[in-house]
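Chain residues, written in single-letter form:
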Amino acid sequence: MALPKYTEPHYRVWHYFYLFICGCVFFFLIAPLFVIFPLSFNAEEFLVFSEGMKRLDPDAFSLRWYKDMIYGTKNPWGLAAKNSFIIALFATLGSVLLGTVAALGLSSRHMPYKGIIMAALISPMIVPLIISGVAIFFFMAKVGLAATHTGIVLAHIILGTPFVVITVTATLSGFDHSVTRAASSLGSDPVNTFMKITLPLILPGVISGGLFAFVTSFDEVVVVLFLAGLDNTTIPIQMWTGLREQLSPTILAVATCLIVLSTLILVTAELLRRRSERIRGINR
Amino acid sequence: MSSETQKILTTDGIPLEESLKKAEKKNKIKAFLLVCPLLLFLIITYVFPIGDMLYRSVDDRMVTDMLPKTYKAMKQWDGKELPDEKVFEAFYLDYKKLVEEKTFGKLATQLNFEKNGFKSILKKLKRKMKKFEEGNYKEQIMNVHKRWADVEYWRALKRRAPSYTYAKYLKGVDMYENEDGKIVQVPEDRRIHKILWLRTLEVAFFVTIFCFLMAYPIAHLLATLPMKYSNLLMICVLLPFWTSLLVRTASWMILLQQQGIVNDFFVMIGLVSDDSRPEMMYNKTGTYVAMTQILLPFMVLPLYSVMKTISPSLMRAGKSLGGTPFIAFWKVYFPLTIPGIGAGCLLVFILAIGYYITPALVGGASGTLISNQIAFHMKSTLDWSFASAMGLMLLTGVLAIYWVYNKLVGVDNIKLG
């Protein structure tokens with residue numbers, strides 16, 4: 001953003017000041033994530049940069065916390081990771097299925113009471129998690145699903161569907177309905193039309209909604225705190241316990257892995273978004 | 001020609017109008033059926049349980065069911081002086097049954113919530129009751145402890161008579177119904193909930209302001225830079241957005257600790273001395289800093305999507321018509337961004353007001369919010385009806401803001417990444 005040559009000096013100063021402010025905000029946003037990387041390779045047990053690390057002494061760095069994370073005797077991370085992935089996978093499947101079908105209905109111009117129903121379907125995203133947690137806990141306890149994987153999966157489907165509904169309705173908003181009409185007029189039944197015509201076109205939106213649902217479930221701690229028993233511990237639960245009791249570098253090793261994972265998800269989501277915009281002919 | 005023949009008919013002989021209406025209705029039903037599975041699922045697993053919370057928060061049948069005879073006998077009692085023999089006898093019979101069933105402990109706990117000192121006199125009564133003779137129970141009970149002859153305790157008992165109560169809601173705003181049935185505030189030194197509500201509002205308000213002040217310039221930069229740079233910078237906004245909340249909170253715990261990098265930096269530039277490093281975590285400062293960073297992307301994204309649609313030629317036009325860049329910004333650009341500001345601020349405020357994890361980890365005692373109090377009653381005191389009542393009070397507030405948000409922005413305009 002180069003300034004034109006005729007810019008007066010005090011606007012020039014103001015402009016650089018503005019860029020400086022922006023730089024600070026970006027730094028504030030992103031820098032905290034990068035503290036975790038080096039500290040997770042700390043050879044010592046403290047969560048501060050040791051003198052050796054400041055001198056970049058190779059002996060001050062080690063992989064011991066990563067080894068501890070994977071091989072540690074009392075470490076619950078293996079079980080937690082397994083549970084987290086299983087729960088997130090099923091929650092994502094459920095959310096995508098329910099959310100996509102609902103989004104198809106909501107995007108139809110014949111849908112009655114669209115506004116109210118949409119607001120109701122999105123509400124689990126808006127209602128504070130603690131309230132959702134309490135309500136879902138009462139329900140699951142009543143039907144005997146507290147402290148089971150099924151209960152947690154159902155809870156995460158509730159929390160994940162709003163994201164799928166939002167992304168899929170957004171994708172459908174630019175959808176050209178004449179292609180489905182063309183398919184019907186050529187003799188295709190509705191299910192076939194959906195599978196062969198609609199789904200491939202809205203797939204990027206469906207997948208990015210699925211990614212949101214996955215991350216929501218994978219990262220969710222408040223509701224699981226109420227629902228989980230000892231066998232249902234998840235990565236967020238273990239991190240929560242660790243952060244409350246004692247901040248050990250093992251947690252930072254886990255956190256580093258999670259940051260890598262979220263970077264991968266971010267890249268996928270961005271690629272999908274661009275592909276979706278290209279398919280729908282939105283050029284920005 | 002009759003009016004019948006004027007109508008256009010379809011090939012089946014049905015008037016076109018009717019046929020179209022039918023098709024329209026069919027389409028409506030089709031669309032609704034598609035939404036049905038999710039709607040039903042949410043009603044059963046989400047809306048109904050929230051209704052259940054409402055029921056729990058006002059349900060007080062436990063005490064009523066434990067003392068059926070007493071409350072029947074109490075109906076005629078005006079509550080001015082000590083009740084008569086009938087009430088005492090009924091209470092004796094009810095309580096004897098509870099002692100036999102070994103459930104009197106629950107009653108003692110509940111009545112002690114109502115008036116302190118109930119627990120001990122109930123226990124004493126239980127011990128002495130074995131030697132009671134038939135008849136004249138009023139005399140015998142009053143001899144057990146002098147508090148049984150105090151009318152206040154009988155009034156407290158009568159207050160628990162109704163099956164449904166809003167006492168938990170009153171407790172949530174530090175009020176209670178006193179002996180005369182008037183609603184009054186609890187003593188000054190015990191008004192903890194009021195402090196929490198005010199603090200929650202204060203934190204949510206200031207976090208929203210901080211987020212707005214920080215998000216506005218960078219959203220503007222992102223919207224005006226050429227695509228190739230802005231996409232790169234957008235990652236700085238989106239990566240935290242996708243990263244686990246606990247990871248981000250953990251990084252703030254490392255940064256803000258007393259030997260942490262922020263404190264190191266303050267010492268280095270000479271702002272504080274090495275031996276008087278300020279405590280920046282486990283208080284309100286920690287809550288503010290961490291929550292602002294965590295919620296910032298939710299402000300940037302709506303602002304960005306609105307700013308993206310504002311044509312740069314508008315600013316140029318403003319300037320060419322004689323405005324300084326500042327006036328052009330203030331009179332032309334800023335008003336156009338107001339929808340984005342509204343959307344971002346409402347979203348951040350809604351999210352901040354119900355925040356739980358971050359305040360619980362970095363907030364300490366002075367930085368915790370109303371959500372933390374709800375969790376405390378759910379997990380520690382096990383006063384679930386009180387937790388439900390507080391939750392519903394919070395929910396009402398959030399839904400009110402959500403309603404405004406829906407009116408102003410529309411839920412279908414929520415932008416995700």
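Computed from a predicted structure; not experimentally measured. Starting from 1, residues in each chain are numbered consecutively following that chain's sequence as written. Starting at A for chains and at 1 for ligands, labels are handed out in the order in which the entities are written. Per-residue local features of the predicted model are confined to residues with pLDDT of at least 70, and side-chain atom pairs are confined, for both listing and counting, to 80 or more; whole-chain, interface and lining totals are unaffected and use all residues.

**Points about the overall build of chain A**
Think of it this way: any DSSP run of H or I at least four residues long counts as a helix, any run of E at least two long counts as a strand, and we number them from the N terminus. When helices and strands are tallied, chain A shows 12 helices and zero strands. Across chain A, helices and strands are ordered from the amino to the carboxyl terminus as α-α-α-α-α-α-α-α-α-α-α-α. Throughout, the radius of gyration refers to the C-alpha atoms, and the reference size of a globule is 2.2 Å times the residue count to the power 0.38. Taking 2.2 N^0.38 as the reference for a compact globule, 284 residues should give roughly 19 Å; the C-alpha atoms of chain A span a radius of gyration of 24 Å, well beyond that estimate. With the principal axes as the frame, chain A shows a C-alpha extent of 75 × 75 × 30 Å. Within chain A, the fraction of its 284 residues that count as buried is 44%. A pair of residues counts as a contact when their C-beta atoms, built from backbone coordinates, are within 7 Å of each other. Long-range contacts, defined here as pairs at least 24 residues apart, represent 75% of the contacts in chain A between residues at least 6 apart. Three exposure classes are used, all based on how many other C-beta atoms lie within 10 Å of a residue's own C-beta (placed from the backbone): buried at 20 or more, exposed at 12 or fewer, and partly exposed between those limits.

**Some details on the overall build of chain B**
Each helix and strand counted, chain B has 20 helices and two strands in total. Contacts in chain B between residues at least 24 apart in sequence constitute 66% of all its contacts with a sequence separation of at least 6.

**Some points on the domain arrangement of chain A**
Residues and elements named next belong to chain A. Domain start and end points were adopted from an automatic or database domain assignment. Taken domain by domain, chain A holds domain 1 (21-62) and domain 2 (77-279). Facing eight residues of domain 1, the contacting portion of domain 2 comprises seven residues. Residue classes follow a fixed rule: Ala, Val, Leu, Ile, Met, Phe, Trp, Tyr, Cys and Pro count as nonpolar, while Asp, Glu, Lys and Arg count as charged, and any other residue, Gly among them, counts as polar. Its residues placed into classes, the side of domain 1 that touches domain 2 shows five nonpolar, two polar and one charged.

**Quick notes on the nonpolar core**
With 162 residues, the main nonpolar core has A:Ala102, A:Val134, B:Ala215, B:Leu295, B:Val300, B:Val348 and B:Ala352 as its most contacted residues. With 14 residues, the top contributor of residues to this core is helix 7 (residues 149-173) of chain A. Residues contacting B:Val348, with those up to four places away along its chain left out, are B:Val207, B:Thr208, B:Cys211, B:Leu295, B:Phe298 and B:Met299. Residues B:Val63, B:Tyr71, B:Leu125 and B:Tyr137 belong to the second largest nonpolar core, which totals 21 residues. By our criterion, buried Ala, Val, Leu, Ile, Met, Phe, Trp, Tyr and Cys residues that link up through C-beta atoms within 7 Å make up a nonpolar core.

**Considering helix 7 (residues 118-129) of chain B**
Note on helix geometry: an α-helix contains 3.6 residues per turn, so any two residues three or four positions apart are oriented the same way. Residue and element names in this part refer to chain B. Helix span, as expected, comes to 1.5 Å for every residue beyond the first. Across its 12 residues, helix 7 extends 16 Å between first and last C-alpha, which sits within 8% of the 16 Å expected from 1.5 Å per residue. The set of residues buried in helix 7 consists of Phe-118, Leu-122 and Leu-125. Looking down the long axis of helix 7, one finds its buried residues gathered within 60° of arc, a one-sided arrangement. In this fold, the buried residues of helix 7 make contact with helix 5 (85-101), helix 6 (104-114), helix 8 (137-144) and helix 9 (151-159). By definition, the arc is the one covered by directions from the helix axis to the C-beta atoms.

**Digging into the packing of helix 6 (residues 129-142) of chain A against helix 2 (residues 16-58) of chain B**
The interhelical angle for the contact between helix 6 of chain A and helix 2 of chain B, taken along N-to-C directions, is 95°, at an axis separation of 8 Å. Compared by their axis directions, helix 6 of chain A and helix 2 of chain B come out roughly perpendicular. Taking contact as the criterion, the partners of A:Val134, A:Ala135, A:Ile136, A:Phe138 and A:Phe139 in helix 6 of chain A are, on helix 2 of chain B, B:Thr45, B:Tyr46, B:Pro49, B:Ile50, B:Asp52 and B:Met53. Its residues assigned to classes, the contact of helix 6 of chain A with helix 2 of chain B comprises nine nonpolar, one polar and one charged. In this description, a line fitted to the C-alpha atoms serves as the axis of each element, helices being fitted only across the stretch in contact, and the angle between N-to-C directions of two axes falls anywhere from 0 to 180 degrees. Roughly parallel refers to an angle under 35 degrees, roughly antiparallel to one over 145, roughly perpendicular to one between 65 and 115, and oblique to any angle outside these ranges.

**Re the environment of B:Gly344**
Residues and elements named next belong to chain B. As for its placement among the helices and strands, Gly-344 is situated in helix 17 (residues 325-353). Judged by local crowding, Gly-344 falls into the buried class, with 30 C-beta atoms found within 10 Å. When the C-alpha positions of Gly-344 and Met-299 are compared, they lie 4.4 Å apart, and in sequence the two are 45 residues distant. Contact partners of Gly-344, with chain neighbours within four places excluded, come to Phe-212, Ala-215, Phe-298, Met-299, Pro-302 and Leu-303.

**What about the environment of A:Leu266?**
Topologically, A:Leu266 is positioned in helix 12 (residues 249-279). A sequence separation of 114 residues divides A:Leu266 from A:Ile152, and the C-alpha atoms of the two residues are 25 Å apart.

**Structural notes on the interface of chain B and chain A**
Residue-level contacts link 72 residues of chain B with 73 residues of chain A. The greatest single-element share of the side of chain B that touches chain A, amounting to 18 residues, is contributed by helix 2 of chain B. Classifying every residue of the side of chain B that touches chain A by side-chain character gives 51 nonpolar, 16 polar and five charged.

**Focus on the environment of A:Thr198**
All names here are of chain A. On the secondary structure map, Thr-198 appears in helix 9 (residues 190-219). Thr-198 gets classed as partly exposed once you count the C-beta atoms within 10 Å, which come to 19. On a C-alpha basis, the gap between Thr-198 and Pro-124 in space is 27 Å, while along the polypeptide they are 74 residues apart. Contacts of Thr-198, omitting those with residues within four sequence positions, involve Thr-180 and Thr-193.

**Thoughts on unusual backbone geometry**
Residues and elements named next belong to chain B. Positive phi, close to 60°, is recorded for Lys-102, a residue that is not glycine. In this structure, Lys-102 sits in the loop between helix 5 and helix 6. Its 8 C-beta neighbours within 10 Å are what place Lys-102 among the exposed residues. In the Ramachandran plot, Asp-174 falls in the positive-phi region, its phi being about 60° despite a non-glycine side chain.

**Brief notes about helix 11 (residues 235-245) of chain A**
Judged by how many residues are buried, helix 11 of chain A sits mostly within the fold: eight of 11 residues are covered. Buried within helix 11 of chain A we find A:Ile235, A:Pro236, A:Ile237, A:Gln238, A:Met239, A:Trp240, A:Gly242 and A:Leu243. For helix 11 of chain A, the elements touching its buried residues are helix 4 (77-107), helix 9, helix 10 (222-227) and helix 12 of chain A together with helix 13 (245-256) and helix 18 (357-362) of chain B.

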